[in-house]
Amino acid sequence: MSRATATDLVYLIAIVGFILALKGLSSPKRARLGNLVGASGMLVAVAWTFSLPEVYSHTRNLVLIIIAIAIGAVIGVPAARLVKMTAMPQMVAIFNGVGGGAAALVSVTEFIAAPHKSLAIYRIIEILFGVLVGSVSLAGSTIAFAKLQELMTGRPITYPAQQPINAAIGVAIVALLVVTVVTASTTVLVIVLVLSLALGAIFVLPIGGADTPVLISLLNAFTGLAVAASGFTLNSTLLIVAGTLVGASGTLLTRMMSQAMGRSLPNILFSAFGSVVTASGEGPDAEGRSVRAGTADDIGVLLAYARKVAIIPGYGLAVAQAQHTARELADALAARGVEVYYAIHPVAGRMPGHMNVLLAEANVPYDQLEEMDDANQDLDSTDVALVVGANDTVNPAAKNTPGSPIYGMPIINADRATNIVFLKRSMRPGFAGIDNELLYDPKTTMLFGDAKDSLSKLVAAVKAA
Amino acid sequence: MMAAAGPGLMTFITVFVLAAFVGYEVVSKVPSILHTPLMSGSNAIHGIILVGTMIVLGQAHGTAQLTLGFLAVVLATLNVVGGFVVTDRMLHMFRAKPADRKAAADAKASGDTAAKPEDGGAGAAS
């Protein structure tokens, strides 16, 4: 068997491993095994690559490769192991971004390495695609990381003339792509690279923090496609297949995630470009209604003398990293004999299933967690529904307002409880951008502020009551 | 026309199209509770770019190529090890309380009907 055939065979084994990994990750029982199979496939492929003459023939280059891998591993493994569970989404974002960056660099380096003007047009197109998509993914993921890590605001960022500016950059990139194909100029390619990075950033800026999971999933698919483009450039079936697998499955996953949030993908990606969505249906105007804001002491008394309290956590709790404080409050209430349970919406938090992980991390007893269906039965007999940083997942518009973008999305029926308390930073709508009539309900009391601060105050108030 | 494009290109395109279908089919049924781990896991898989970066750095000449190639290998390694380790940690949390996860997996939020309050999640998912 020739070396080339052996290489193809080993890479085929890796490819099968990747397919089985995706398959395994789609089922709760085999998910962990699937991940291990994928990692094994990766290990086999990388180990075999060291036996290729392209890799080992120049000793200096081989040494550099080994040093670079060591650096990556020394940074990556501790970062991935030590990161808190709440910070998982941004870690996924940044690990995705660096993959996109690597794919873009492969394309750029191949372009520089090629003898001048010798590249076939389709080669240049492959390279440009890798540079464009890889750079968008890198810049977009970096901004997503910054938003989730709260290095910058998680709110959608809009600026005047956003659409014209974005369109101009888009047009400029397309024009420069054509110029690069015609002239094969390295300078133009570098400009394309810079503009692609800018495009990735401005693409992500107007997307709110709550939508970043869907965004990261989309950028993940982008990186997959950039890797596939690198595969075309390097004539590597392995890269084409693995990259395309991720590109295709990632696209489907992105769609499923946005469906789970009851929204369409274009709505998530572009809704901040237009004015704020005002799909509150035939409901009365927000200005005409009054909101009752309470003090922490009042609410503390209300909670302390309730028989049954439901804590409904949402994105705001995840943002404020308030899961430990929520547990303190639950413990303080339980110490007074109040029955406390958590009502968990399936898409509460930053990602589907994220809230369960967060509360598990805060050692919330499992029997206090109630899935949506159970919680909805219990809410009829609940005295206080304490909504912590959630909004859309309790919005009755999903049941009552057929015109609403979230109409049909299952919600937690906080409105069934005798009293409703909202811990919110402001009257700002949730990520669906729609008004929540529950905020104006006579049964509702608002406590404005950061979820963690508000919960701390409530803990003190309950203990004092 | 194909000959001008060079030998193999058509084969690569075929592989690309078939892989796209496989990728789409293989994750067609994922419970919402596994969306995040699946995203993280597939994130690790595109770390295969590491193999490409190794080949590029292995053949690099001159400071520019060596620098870019070196950086590419570092980034790709981060992608691979970070991706797999993070995914494994997520799935470890999932294994801790299986009953908890199972129920949530069933309660997938899909908005096709005006679901009654009581049967909201599970009813819409099935």
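Each remark here, short or long, concerns the structure printed above.
K.L.:
Break down the overall build of chain A for me, citing the residues and quoting the values.
P.N.:
Helices and strands together make up the secondary structure of chain A, namely 18 helices and six strands. Along the first, second and third principal axes, the C-alpha atoms of chain A reach 80 × 45 × 35 Å. Taken over 465 residues, chain A has a buried fraction of 58%. In chain A, the proportion of contacts linking residues at least 24 apart, taken out of those at least 6 apart, comes to 76%.

K.L.:
Outline the interface of chain A and chain B, listing residues and values.
P.N.:
Often the size quoted for an interface is simply the accessible area lost on bringing the parts together. Listed as interface residues are 116 residues of chain A and, on the opposing side, 96 residues of chain B. Buried area between chain A and chain B, both sides added, is near 9,300 Å², and the carbon and sulfur share of it is 75%. Taken as a group, Leu25, Arg32 and Met42 of chain A account for 7% of the area that chain A buries against chain B, more than any other trio of residues on that side. Across the contact surface, chain A and chain B share one salt bridge.

K.L.:
Give a description of a positive patch on the surface that names residues and reports values.
P.N.:
A cluster of basic side chains, namely Lys23, Lys29 and Arg30 of chain A together with Lys29 of chain B, defines a positive patch on the protein surface. By secondary structure assignment, the location of lysine 29 of chain A is in the loop between helix 1 (3–25) and helix 2 (31–49).

K.L.:
Would you mind going over the nonpolar core in detail, with residue names and values included?
P.N.:
By size, the foremost hydrophobic cluster in this structure holds 95 residues, and its most contacted members are Leu238 of chain A together with Ile48 and Val51 of chain B. Those residues in contact with isoleucine 48 of chain B, other than ones at most four positions away along the chain, are Phe18, Met42, Ala45, Val227, Leu238, Leu239 and Ala242 of chain A. In this structure, Ala320, Leu329, Ala362 and Val459 of chain A belong to the second largest nonpolar core, which totals 38 residues.

K.L.:
Let's hear about the pairing of strand 2 (residues 339–344) of chain A: which residues, and what values?
P.N.:
Residues and elements named next belong to chain A. In terms of residue burial, strand 2 counts as a mostly covered element, since five of its six residues are buried. The pairing of strand 1 (residues 308–313) with strand 2 spans four bridges and is classified as parallel. Bridged to lysine 308 within strand 2 is glutamate 339. In the sheet, strand 2 pairs with strand 3 (residues 369–371) via three bridges, with the strands oriented parallel. Bridge pairing links isoleucine 344 to glutamate 371 in strand 3.

K.L.:
Now, about the sheet that holds strand 3 of chain A: what can you tell me, with residues and values included?
P.N.:
Residues and elements named next belong to chain A. Spatially, the six strands line up as an open sheet ordered 3-2-1-4-5-6, and their pairing is parallel. Whereas interior strands pair on both sides, the edge strands pair on one side only; in this sheet they are strand 3 and strand 6 (444–448). Neighbour-to-neighbour, the strand axes of this sheet turn through a mean angle of 25°, independent of strand direction. Contacting strand 1, strand 2 and strand 3, helix 15 (residues 354–361) runs over the sheet at an angle of about 145° to strand 2.

K.L.:
Could you give an account of the pattern of salt bridges, with specific residues and numbers?
P.N.:
Counted under the stated rule, the structure contains seven salt bridges over all chains. Of the charged contacts, one joins aspartate 88 of chain B and arginine 32 of chain A as a salt bridge, the two residues approaching to 3.1 Å between their closest N and O atoms. Residue aspartate 88 of chain B is located in helix 5 (residues 62–96), and its partner arginine 32 of chain A is located in helix 2; the two belong to separate chains. On the basis of relative accessible area, arginine 32 of chain A is assigned to the partly exposed category, the value being 23%.

K.L.:
Give a detailed account of the pairing of strand 5 (residues 419–424) of chain A, specifying residues and quantitative values.
P.N.:
Residues and elements named next belong to chain A. Across the six residues of strand 5, five count as buried, placing the element largely inside the fold. Sheet analysis places strand 4 (residues 384–388) next to strand 5, joined by five bridges and oriented parallel. Following the sheet pairing, alanine 385 is matched in strand 5 by isoleucine 420. Note that strand 5 and strand 6 share five bridges and pair parallel. What sits directly across from leucine 423, in strand 6, is leucine 447.

K.L.:
I'd like to hear about unusual backbone geometry, residue by residue, with values.
P.N.:
A negative phi angle is the norm for most residues apart from glycine, just as the trans form is the norm for most peptide bonds. Residues and elements named next belong to chain A. Positive phi outside glycine occurs at asparagine 235, with the angle close to 55°. Among the secondary structure elements, asparagine 235 is positioned in the loop between helix 9 (212–233) and helix 10 (237–260). The partly exposed category is assigned to asparagine 235, whose relative accessible area is 43%. Positive phi outside glycine occurs at asparagine 363, with the angle close to 60°. If you trace the backbone, asparagine 363 turns up in the loop between helix 15 and strand 3. Judged by relative accessible area, which is 54%, asparagine 363 ranks as exposed.

Parameters and conventions
- Sequence order as written defines residue numbering, which begins from 1 separately in each chain.
- Going through the entries in the order they are written, you letter the chains from A and number the ligands from 1.
- Selection of residues for local features in this predicted model requires a pLDDT of at least 70, selection of side-chain atom pairs for listing and counting requires 80 or more, and totals for whole chains, interfaces and linings are taken over all residues.
- The side-chain numbers reported here are obtained from all heavy atoms of the structure, hydrogens and water having been left aside.
- A run of DSSP states H or I qualifies as a helix once it reaches four residues; a run of E qualifies as a strand once it reaches two. Both are numbered from the N-terminal end.
- Each residue's exposure class comes from its accessible area (1.4 Å probe, protein chains only) as a fraction of the maximum for that residue type: buried when under 20%, exposed when over 50%, partly exposed otherwise.
- Contacts are assigned to residue pairs with any non-hydrogen atoms lying within 4.5 Å of each other.
- Throughout, buried area stands for the accessible area (probe radius 1.4 Å) lost by two parts on being put together, summed over both.
- Whenever Lys or Arg places a side-chain nitrogen within 4 Å of a carboxyl oxygen from Asp or Glu, that contact is recorded as a salt bridge.
- For patch detection, residues must exceed 30% relative accessible area and be free of salt bridges, and they are connected within 9 Å for like charges or within 5 Å for nonpolar side chains (Val, Leu, Ile, Met, Phe, Trp, Tyr).
- Under the convention used here, a 1.4 Å probe and the Shrake-Rupley method define accessible areas, while residue burial counts only the protein chains that appear.
- Residues counted as positive are Lys and Arg, residues counted as negative are Asp and Glu, and His and the chain ends are not counted.
- A charged residue contributes its charge at one atom only: NZ of Lys, CZ of Arg, CG of Asp or CD of Glu.
- Residue types Ala, Val, Leu, Ile, Met, Phe, Trp, Tyr and Cys, when buried and joined through side-chain atoms within 4.5 Å, form a set referred to as a nonpolar core.
- At least two DSSP bridges between two strands are required for those strands to pair.
- Each axis is a line fitted through C-alpha atoms, and for a helix only the stretch in contact is used; angles between axes span 0 to 180 degrees, taken between their N-to-C directions.

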